[in-house]
Amino acid sequence: MDRMNQILSRVRRCVEDYDMIQAGDRVAVGVSGGKDSLSLLVALARLQKFYPVPFTVEAVTLDMGIEGMDFSGVAELCRTLGVPYTRIPTEISHIIFEVRKEKNPCSMCAKMRRGALNRVILERGIRKVALGHHFDDAVETFFLSLFYEGRLSCFQPVTDLNRTGVTQIRPMLYCGENLIRNAVRQENLPVVHNPCPANGYTKRQEVKDLVRKLERKYPGLRSRVFGAMQRLPLHAWGPVECRRLPPPEENSGSD
């Protein structure tokens, strides 16, 4: 079974359901080197070849300045795909861990990365950026907001950042993490190991572990939560007549 074709199909469906791409768009893919962003890059690079709405894709990597991260494989992948690639060196890791010594670094890191990425794409005349958040990320973010903020909330499939004029899209929302992991293995994509000191010790990791345990006890939990987010709906999640949830068995984390 071709896992990347499954991802491509779901990405197209998500793009159509949420009207993510318009004719003439230049879409920058934020490529961290992780499995999610690499899968998204491949899917959009393939989608642009036959999608009825013409658009182009570019890849942008913010190098966090963490020693040992080698993006040469990403550059080669982009060359193979025919996608322009830009790597921007930053000192974000140094600022967070050595200068500010942040106890909870993930939130600050995310803000700095978003700001830097937006600046880079705007300098290139691009106003749309695709991020690799997927099905499991959405469910976990919902629980994070509920547990730690007391809100029913999640990032939006399409987010217009009015202050900057940048639009964020998340075309991977119909793709489960296990499907992505298997596709990356099947395609032998050049995943870049991230030796971030905070990896595995975050609130998100705690919620990920909890959701995994709950899913084992209540099969289909993720899909029911995701469906509730669309049907409530959370802001900008629905309802749109054409919008539909992928079958539960396809997104249960058991790909």
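Computed from a predicted model, the values in this text were never measured in an experiment.

A. Structural view of the sheet that holds strand E5 (residues 158–161). Taken together, the six strands give an open sheet; going across it, the order is E3-E2-E1-E4-E6-E5, and neighbouring strands pair in mixed fashion. Pairing within the sheet leaves two strands with one partner each, and these edge strands are strand E3 (85–89) and E5. Neighbour-to-neighbour, the strand axes of the sheet open up by a mean angle of 25°, direction not taken into account. Sheet topology note: the strand E2 (residues 55–63)/E3 ladder contains five bridges and is parallel. The residue bridging alanine 59 from the neighbouring strand is tyrosine 85, located in E3. Packing of helix H5 (residues 105–123) onto the sheet brings it into contact with strand E1 (25–30), E2, E3, strand E4 (128–130), E5 and strand E6 (166–169), and relative to E2 it is tilted by some 135°.

B. Structural detail: unusual backbone geometry. With an omega dihedral of -15°, the bond running from leucine 232 to proline 233 counts as a cis peptide bond. Summarising the element assignment, proline 233 is placed in the segment after helix H9 (221–231). Within the chain, aspartate 19 stands out as a residue other than glycine whose phi angle is a positive 50°. Following the sequence through the fold, aspartate 19 ends up in the loop between helix H1 (3–17) and E1. The class of aspartate 19 is exposed, set by a relative accessible area of 54%.

C. Molecular detail of the pairing of E5. Two elements, E5 and E6, share four bridges in a ladder whose sense is antiparallel. In the sheet register, threonine 159 faces E6, and the bridge partner there is glutamine 168. Remark: four residues form the turn of the hairpin made by E5 and E6, two consecutive strands paired antiparallel; glycine 165 in that turn has positive phi of roughly 85°.

D. Local environment of the nonpolar core. Counting residues in hydrophobic clusters, the biggest one holds 65 residues, and the most contacted among them are Ile7, Val11, Leu41, Leu44 and Trp237. Ignoring sequence-local partners within four residues, the contact set of isoleucine 7 consists of Ser39, Ala43, Met172, Cys175, Leu179, Ile180 and Ala183. Formed by eleven residues, the second largest nonpolar core is a distinct cluster that contains Leu62, Ala116, Val129 and Val166.

E. View of the packing of aromatic side chains. Across all of its chains, the model carries seven aromatic pairs by this definition. Measuring from centroid to centroid gives 6.4 Å for tyrosine 18 and tryptophan 237, while their planes differ by 80°, and the two rings are edge-to-face. Here tyrosine 18, found in the loop between H1 and E1, pairs with tryptophan 237, found in the segment after H9; they are 219 residues apart in sequence, far enough to count as distant. Accessibility classification places tyrosine 18 together with tryptophan 237 in one group, the buried group. Each ring, one from phenylalanine 226 and one from tryptophan 237, has its centre 5.4 Å from the other, and the planes form 85°; the classification is edge-to-face. Of this pair, phenylalanine 226 sits in helix H9 while tryptophan 237 sits in the segment after H9, and the two are eleven residues apart along the sequence. For the pair formed by phenylalanine 226 and tryptophan 237, the shared burial category is buried. Here the aromatic residues Tyr18, Phe135, Tyr174, Phe226 and Trp237 are joined through ring pairs into a cluster of three or more.

F. Spotlight on the confidence of the model for the protein chain. Residues of the protein chain with pLDDT of at least 70 account for 90%, and the chain-wide mean is 88. Here residues 247–255 scores under 50 on pLDDT; set against residues more than four positions off or in separate chains, the count is 25 contacts.

G. Fine view of H5. The end-to-end C-alpha distance of H5 is 27 Å, a good match for the 27 Å that 19 residues give at a rise of 1.5 Å each. Taken residue by residue, H5 has Pro105, Cys109, Ala110, Ala116, Leu117, Asn118, Val120 and Ile121 as its buried positions. Taken from the residues just after H5, glycine 125 is the one with a positive phi, measuring 80°.

H. How the structure looks around a nonpolar patch on the surface. On the surface, Leu146, Phe147, Tyr148, Leu152, Leu210 and Leu232 cluster together into a nonpolar patch covering about 550 Å² of accessible area. The dominant element in the nonpolar patch, judged by the number of residues it contributes, is helix H6 (residues 135–149), at three residues. With respect to the helices and strands, leucine 232 occurs in the segment after H9.

Criteria and thresholds
- Residues numbered from 1 in each chain as written.
- Predicted model: local features only at pLDDT ≥ 70, side-chain atom pairs only at ≥ 80, totals over all residues.
- Heavy atoms only, no water.
- Pairing = 2+ DSSP bridges.
- Helix = DSSP H or I, 4+ residues; strand = E, 2+ residues; numbered from the N terminus.
- Axes fitted to C-alpha atoms, helices over the stretch in contact; angles between N-to-C directions.
- Contact = heavy atoms within 4.5 Å.
- Buried < 20%, exposed > 50% of the residue type's maximum accessible area, 1.4 Å probe, protein only.
- Core = buried A, V, L, I, M, F, W, Y, C linked by side-chain atoms within 4.5 Å.
- Phe/Tyr/Trp six-rings, centres within 6.5 Å; stacked < 30°, edge-to-face > 60°.
- pLDDT = per-residue confidence, 0-100.
- Expected span 1.5 Å × (residues − 1).
- Patch = residues over 30% accessible without salt bridge, like charges linked within 9 Å, V, L, I, M, F, W, Y side chains within 5 Å.
- Areas by Shrake-Rupley, 256 points an atom, 1.4 Å probe, with all protein chains shown as cover.
- Salt bridge = Lys/Arg side-chain N within 4 Å of Asp/Glu carboxyl O.

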